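Listed here are the chains, written in short residue letters.
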Amino acid sequence: MELEKDSKILDFFLGANSPAGFAGYFEELVDIQNGHRGYVIKGGPGTGKSSLMKRVAKVLEGADEQIERIHCSSDPDSLDGVIGKTANASIADGTAPHVIEPGFPGACQTTVNLCACWDEALLDQSREEIVRLSLKNKAFHARCTRYLKAARALLADNETIAAECTDYAKVQLFAKKLIHKELPVKKGSVGRAHKRLLSAVTPKGILMYGETVSALCQRVYVIRDDFGAVSRMLMAKLLDAAVAAGYEVYACYCPLEPTVRVEHLLIPELSLGFVTANKFVDTGAKPFRVINFSRFTDIEKLRKKKQRISFNKKAATELFEEAVAILKEAKANHDELEAFYLAAVDFDKVNAVAENVIQAFQSRCQM
């Protein structure tokens, strides 16, 4: 499916704060198939990494049929990466917490070294402050992790309650019918799932890039599920079926369970999406059809646990709010840290490196 001109820019996260610490899928950028080239930036905070990636994205806007902007969950105004479809190339921040080490340096990946653009002697003069602020930032994120872990435990309790009231045989039968209707098998095609995040807990709150759904999907099934017991099974079945049928899909995971729980499934070739909606997550996509968890649930039985459910939801909300507040503090602390690097960076050198990278992307778009 060819994207419309005004819908070729897609916004995602590839990593996020989670109950287990920072979790992500930056290995998704290492694609050694079909001549893909990955550019991996090495450099400290404030050395121009995000600015370079924004410049690459801006250049690709006029030359590439589809661009993915990968945002930083600790600062959504910054980029962690850019992926160009026509350019068949990506560029990403390869420093902590999303460390990327080229597996095939030179052959498939190019290291963009911004470390050579700073005055190390000047940074050495501020080493105590740099170390202090760096350790303080780690402490902020460790606290955030603990709050997210607690919030996840409370929401998991609600899901357990709902699971006891769910008719899973009915969910399975519905999934089978939906798959038969919407996911015809493509003969001779091999399916593939690209792991992404549409939402993340950030200093700006729980941020959702719902516009990406609208850009890729004209028909969207919205699964309204306040507990996750129904949507967990339904989304897992749909993902497995879509890949088995030969489709290339975006599997967008839940930042609270980034290794196991699919929240949204986007199938560009069919202009079809399946998204989850609840108190904390809603893409805002116009629904083609709404699937409500209640059709598979014994609501009367669920109501008997209303007080416990309400307590868990309220407490989880407060924990999310505290996690966001901590990330705001971490962002302010990180800005202080950046100031030391900004004072030590030779941006003429950075611009020279950036020009070479931009020219490389322009050339790849013309190949």
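Coordinates for the structure precede this section.
Quantities reported herein were computed from a predicted structural model and do not represent experimental measurements. (Residues numbered from 1 in each chain as written. Predicted model: local features only at pLDDT ≥ 70, side-chain atom pairs only at ≥ 80, totals over all residues. Heavy atoms only, no water.)

Further remarks concern the overall build of the protein chain. A tally of helices and strands in the protein chain yields nine helices and 16 strands. The C-alpha radius of gyration of the protein chain comes to 22 Å, within 12% of the 21 Å expected for a compact globule of 367 residues. C-alpha atoms of the protein chain, sized along the principal axes, occupy 70 × 50 × 35 Å. Per-residue burial for the protein chain yields a buried fraction of 52% across its 367 residues. Taking contacts inside the protein chain between residues at least 6 apart in sequence as the whole, the part at least 24 apart equals 80%. Total accessible area on the protein chain is roughly 17,400 Å²; 52% of this is exposed by carbon and sulfur atoms. Side chains of the protein chain carry 49 positive and 47 negative charges; the gap between the two charge centres is 8 Å. (Helix = DSSP H or I, 4+ residues; strand = E, 2+ residues; numbered from the N terminus. Rg over C-alpha atoms; globule rule 2.2 N^0.38 Å. Buried < 20%, exposed > 50% of the residue type's maximum accessible area, 1.4 Å probe, protein only. Contact = heavy atoms within 4.5 Å. Areas by Shrake-Rupley, 256 points an atom, 1.4 Å probe, with all protein chains shown as cover. Lys, Arg positive; Asp, Glu negative; His and termini not counted. Charge placed at Lys NZ, Arg CZ, Asp CG, Glu CD.)

Turning to the layout of surface pockets, a few remarks are in order. Where empty space is left becomes clear once a probe the size of a water molecule has been rolled over the atoms. What the largest pocket holds in volume is close to 1,100 Å³. Forming the boundary of the largest pocket are 42 residues, of which Pro-45, Ala-96, Pro-97, Asn-137 and His-334 lie nearest the centre. Of all the elements in the fold, those that place two or more residues in the lining of the largest pocket are strand E2 (15-18), strand E3 (21-24), helix H1 (49-61), strand E6 (75-84), helix H3 (127-163) and helix H8 (306-344). For the lining of the largest pocket, the leading source of residues is H8, giving eight residues. Residues that form the lining of the largest pocket fall into these classes: 13 nonpolar, 20 polar and nine charged. Taken together, the elements giving at least two residues each to the lining of the second largest pocket come down to E6, strand E9 (192-196) and strand E13 (248-254). (1 Å grid on protein atoms, 1.4 Å probe; cavity = no way out; pocket = protein on both sides within 12 Å on 5 of 7 lines; lining within 4 Å. Points joined across faces, edges and corners; volume = space filled by probe spheres on them. Nonpolar A, V, L, I, M, F, W, Y, C, P; charged D, E, K, R; others polar.)

One finds Leu-238, Leu-265, Leu-266, Ile-267 and Phe-274 to be the most contacted residues of the largest nonpolar core, which totals 66 residues. When residues of this core are assigned to their parent elements, the largest contribution, eight residues, is made by helix H6 (residues 229-244). Sequence-distant contacts of Leu-266, defined by excluding residues within four places in its chain, comprise Leu-198, Thr-212, Val-213, Leu-216, Cys-217, Val-249, Tyr-250, Cys-252, Leu-272, Gly-273 and Val-275. Grouped together as the second largest cluster of nonpolar side chains are 23 residues, Met-53, Val-56, Leu-60 and Phe-361 included. (Core = buried A, V, L, I, M, F, W, Y, C linked by side-chain atoms within 4.5 Å.)

Before going further, it helps to examine the sheet that holds strand E16 (residues 289-292). Strand-to-strand pairing in sheets goes through backbone hydrogen bonds, with the strands running parallel or antiparallel. Spatial ordering of the open sheet is given by E9-E13-E14-E15-E12-E16, a layout of six strands whose pairing is mixed. Among the strands making up the open sheet, the edge pair consists of E9 and E16. For this sheet, the mean angle separating the axes of adjacent strands, direction not counted, is 35°. Across four bridges, the pairing between strand E14 (residues 257-267) and strand E15 (residues 272-277) is antiparallel. Paired with His-264 across the bridge in E15 is Val-275. The strands touched by H6 within the sheet are E9, strand E12 (219-224), E13, E14, E15 and E16, with E14 carrying the most contacts at an inclination of about 60°. (Pairing = 2+ DSSP bridges. Axes fitted to C-alpha atoms, helices over the stretch in contact; angles between N-to-C directions.)

It is worth spelling out a positive patch on the surface at this point. A cluster of basic residues, Lys-170, Lys-177, Lys-181, Arg-289 and Arg-295, forms a positive patch at the surface. If you trace the backbone, Arg-295 turns up in the loop between E16 and helix H7 (299-303). Residue Arg-295 is classed as partly exposed on the basis of its relative accessible area of 37%. (Patch = residues over 30% accessible without salt bridge, like charges linked within 9 Å, V, L, I, M, F, W, Y side chains within 5 Å. Salt bridge = Lys/Arg side-chain N within 4 Å of Asp/Glu carboxyl O.)

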